[in-house]
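Structural overview
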Amino acid sequence: MLRRFFAIAVSMPTTCVVGILWGDEGKGKVIDFLAADTDFVVRFGGGHNAGHTLVLPSGKLVLHLVPSGIVHPHTVNVIGNGVVVDPVHLCGEIEKLQARGLRIELGRNLLLSERAHVIVEAHRRQDQWAEALRGAGRIGTTGRGIGPAYSDRCARVGIRLGDLLDEKRLRAALQALVEQKNALFGSAGMPPLDLDAMCAQLFAAGDRLRPGIVDAGAVLRRAHAAGKRILLEGAQGCLLDLEHGTYPYVTSSHASTGGAFSGTGLPPHAMTVVGIAKAYSTRVGEGPFPSELKGEIGDRLRTAGNEFGSTTGRPRRCGWFDTVAVRYSGAVSGATELVVTNLDVLRGFGPLRLAVAYRMPDGVRTEDMPAFDLASAEAEYVELPGFDEDVRGVRRFQDLPRNAQAYLQAIEQHTKLRIRTISVGPERDQVIPR
Ligand code: GDP
């Protein structure tokens with residue numbers, strides 16, 4: 001019955017779910033819901049720095065690379081070409097999920113694009129070295145090699161999953177990469193990479209993943225042509241998008257809807273885009289955050305919302321809901337509807353504030369997302385009364401406290417996005433349809 005709540009979202013054969021701000025919006029829970037009515041769930045970007053948390057009847061499950069549809073026996077899960085894959089991590093993640101009792105059959109319910117780029121030891125080392133060099137200007141990467149793997153893809157020296165299937169091809173590709181990296185690491189006084197060890201480790205991982213490595217784009221195009229329901233699962237969020245996010249504090253892939261086509265091999269076609277936003281804002285790592293709450297309220301919000309990264313455990317910075325940022329991301333992603341999560345967390349935080357404009361350092365007021373100087377922008381707020389009631393058991397919009405209803409309606413008014421669904425707790429059934 002709960003699936004009915006998302007009926008509008010899945011009325012088109014293809015639905016794309018994106019985080020509206022900087023990730024961690026609760027996409028895992030929403031995708032878990034939508035996946036129940038879907039044939040294919042496809043990850044189109046990011047690496048194992050992303051983490052989706054599902055709260056299932058059997059307990060909590062955190063996924064890093066494997067798409068969230070894996071908990072539904074009938075869905076085919078695809079890691080698209082836009083994802084960068086650490087094959088050793090992926091083998092470990094599959095084993096952990098299997099140990100939890102999940103059925104994962106490579107080539108049947110888990111497919112990996114042969115065109116997806118691979119993270120190797122050189123990338124991890126380069127990531128940590130570059131972040132250390134940045135000093136105070138660090139971006140806040142997770143140091144897992146994701147940025148360098150994407151850079152090497154652009155520099156045309158990357159390794160692809162399909163390369164792992166042929167030892168000769170793998171060695172040739174690795175040799176070129178290792179020569180380049182050793183020149184770089186040597187100049188930084190770091191020890192050289194061991195080509196033979198890297199080759200052996202990657203070939204072994206490739207052998208393990210072999211049954212799943214396919215032309216995933218062709219599979220998806222055929223599925224789309226056959227009218228199959230496809231759910232495209234975004235990682236991170238629109239404001240971390242390489243092009244449209246808060247550059248340079250962004251991720252190295254296209255986390256907004258633009259990546260959904262380039263990262264899967266599906267042709268552009270009409271689809272529903274669902275934006276996921278928390279009832280407040282969070283950001284992990286460095287970068288501008290105009291509505292950030294630095295004092296006691298921010299600390300309380302972090303505790304109430306358990307705002308610690310599911311992959312790294314890093315505390316998330318917390319702030320008020322930012323309608324400027326959400327309106328911008330809604331426009332860039334093409335989202336026509338919002339799912340607002342974590343409304344339950346705002347209990348007792350009244351009066352509530354919504355950022356509705358920014359005052360820039362030169363005194364100019366803007367309701368648009370600036371490309372520069374966001375770190376010095378001051379948010380302007382409207383204030384609304386809060387609510388003290390526990391909303392976790394509420395299942396109908398009209399049963400929410402009046403102030404909570406008014407708060408959500410104010411978000412709609414300022415973002416120009418319709419809120420279709422409200423999440424009031426981590427569990428599957430803690431959902432309110434509109
Ligand atoms: P994702 O990367 O967007 O999937 O987000 P994460 O999984 O990193 O973080 C979302 C966290 O919030 C997870 O621990 C979820 O179980 C939890 N969560 C999701 N929806 C709700 C909600 O409505 N209320 C509360 N309190 N927690 C939620």
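Residues numbered from 1 in each chain as written. Predicted model: local features only at pLDDT ≥ 70, side-chain atom pairs only at ≥ 80, totals over all residues. Heavy atoms only, no water.

1. Concerning the domain arrangement of the chain
Domain assignment breaks the chain into domain 1 (117-212) and domain 2 (275-434). With centres defined by C-alpha atoms, the gap from domain 1 to domain 2 works out at 38 Å. (Domains from an automatic or database assignment.)

2. A short note on the pairing of strand β2 (residues 40-43)
Of the two faces of β2, the one carrying Phe-40 and Val-42 and the one carrying Val-41 and Arg-43 are both buried. As judged from the four bridges shared by β2 and strand β5 (residues 76-79), these two strands associate in the parallel manner. Residue pairing across strands places Val-41 opposite Asn-77, the latter belonging to β5. Summarising the sheet, β2 and strand β10 (residues 230-233) pair through four bridges and their orientation is parallel. (Buried < 20%, exposed > 50% of the residue type's maximum accessible area, 1.4 Å probe, protein only. Helix = DSSP H or I, 4+ residues; strand = E, 2+ residues; numbered from the N terminus. Pairing = 2+ DSSP bridges.)

3. Description of the site of the ligand
Around the ligand sit 20 residues in total, of which Lys-27, Gly-28, Gly-51, Asp-344 and Ser-423 are the nearest. In the environment of the ligand, an oxygen atom lies 2.8 Å from a nitrogen or oxygen atom belonging to the backbone of Gly-28. Within the backbone of Asn-342, one N or O atom sits 2.9 Å away from an oxygen atom of the ligand. When the ligand sits alone it has 590 Å² of accessible area, and the protein chains cover 90% of it. Only α1 (27-35) and β3 (52-56) provide two or more residues apiece to the shell around the ligand. (Near = heavy atom within 4 Å. Polar contact = N/O pair within 3.5 Å; in protein donor to acceptor, adjacent residues only side chain to side chain. Areas by Shrake-Rupley, 256 points an atom, 1.4 Å probe, with all protein chains shown as cover.)

4. Notes on the nonpolar core
Formed by 49 residues in total, the largest nonpolar core has its most connected members in Leu-338, Leu-343, Leu-346, Tyr-358, Leu-400 and Tyr-407. Once residues within four sequence positions are removed from consideration, Leu-343 is found in contact with Ala-279, Phe-387, Val-391, Leu-400, Ala-404, Tyr-407, Leu-408, Ile-422, Ser-423 and Val-424. With 41 residues, the next largest nonpolar core counts Ile-70, Ala-116, Leu-164 and Phe-185 among its residues. (Core = buried A, V, L, I, M, F, W, Y, C linked by side-chain atoms within 4.5 Å. Contact = heavy atoms within 4.5 Å.)

5. Focus: the packing of aromatic side chains
Taken as a whole and judged by the stated rule, the model has one aromatic pair. Each ring, one from Trp-22 and one from Phe-289, has its centre 5.1 Å from the other, and the planes form 55°; the classification is tilted. Taken together, the residues span a long stretch of sequence, with Trp-22 in the loop between β1 (14-19) and α1 and Phe-289 in the loop between β12 (281-283) and α9 (296-304) at a distance of 267 residues. Of the two residues, Trp-22 and Phe-289, neither departs from the other in class, the shared state being buried. Sitting above the plane of the Phe-349 ring, Arg-300 keeps its charged end 4.5 Å from the centroid. The ring centre of Phe-397 lies 4.1 Å from the NZ or CZ of Arg-434, which sits over that ring. (Phe/Tyr/Trp six-rings, centres within 6.5 Å; stacked < 30°, edge-to-face > 60°. Lys NZ or Arg CZ within 6 Å of the ring centre and 35° of its normal.)

6. A few points about the state of the cysteines
One pass over the structure, following the stated rule, counts zero disulfides. Free of any disulfide, Cys-154 has its nearest neighbouring cysteine sulfur in Cys-238, separated by 20 Å. Using a relative accessible area of 57% as the deciding quantity, one classes Cys-154 as exposed. Looking at Cys-238, it has no disulfide partner, and the nearest cysteine sulfur is the one in Cys-16, 8.5 Å off. (Disulfide = S-S within 2.5 Å.)

7. What to know about the side chain of Gln-126
Locating Gln-126 in the fold gives a position in helix α3 (residues 121-134). Excluding residues within four positions of it along the chain, Gln-126 makes contact with Pro-148, Lys-181, Leu-184 and Phe-185.

8. What about the pattern of salt bridges?
Overall, the coordinates contain 29 salt bridges when judged by the stated rule. Residues Arg-302 and Asp-299 are paired through a salt bridge, measuring 3.0 Å at the closest nitrogen-oxygen approach. Of the two residues, Arg-302 and Asp-299 both sit in helix α9, three residues apart, roughly one turn of that helix. Judged by relative accessible area, which is 17%, Arg-302 ranks as buried. For Arg-396, the salt bridge is made with Asp-399, and the minimal N-O distance between the two is 2.9 Å. A residue is classified by how much of its surface remains accessible, and Arg-396, at 45% relative accessible area, is partly exposed. The exposure class of Asp-399 is partly exposed, given its relative accessible area of 41%. Ionic contacts of the salt-bridge type, sharing partners, join the residues Asp-24, Lys-278, Glu-307 and Arg-316 into one network. (Salt bridge = Lys/Arg side-chain N within 4 Å of Asp/Glu carboxyl O.)

9. So, unusual backbone geometry
Following Tyr-247, the chain continues to Pro-248 via a peptide bond in cis, the omega torsion being 5°. Secondary-structure assignment places Pro-248 in the loop between β10 and α8 (258-262). The peptide bond linking Gly-350 to Pro-351 adopts the cis configuration, its omega dihedral lying at -5°. Residue position: Pro-351 is located in the loop between β15 (337-341) and β16 (352-359). In this structure, Asn-342 is a non-glycine residue whose phi angle is positive, near 60°. Its place among the elements puts Asn-342 in the loop between β15 and β16.

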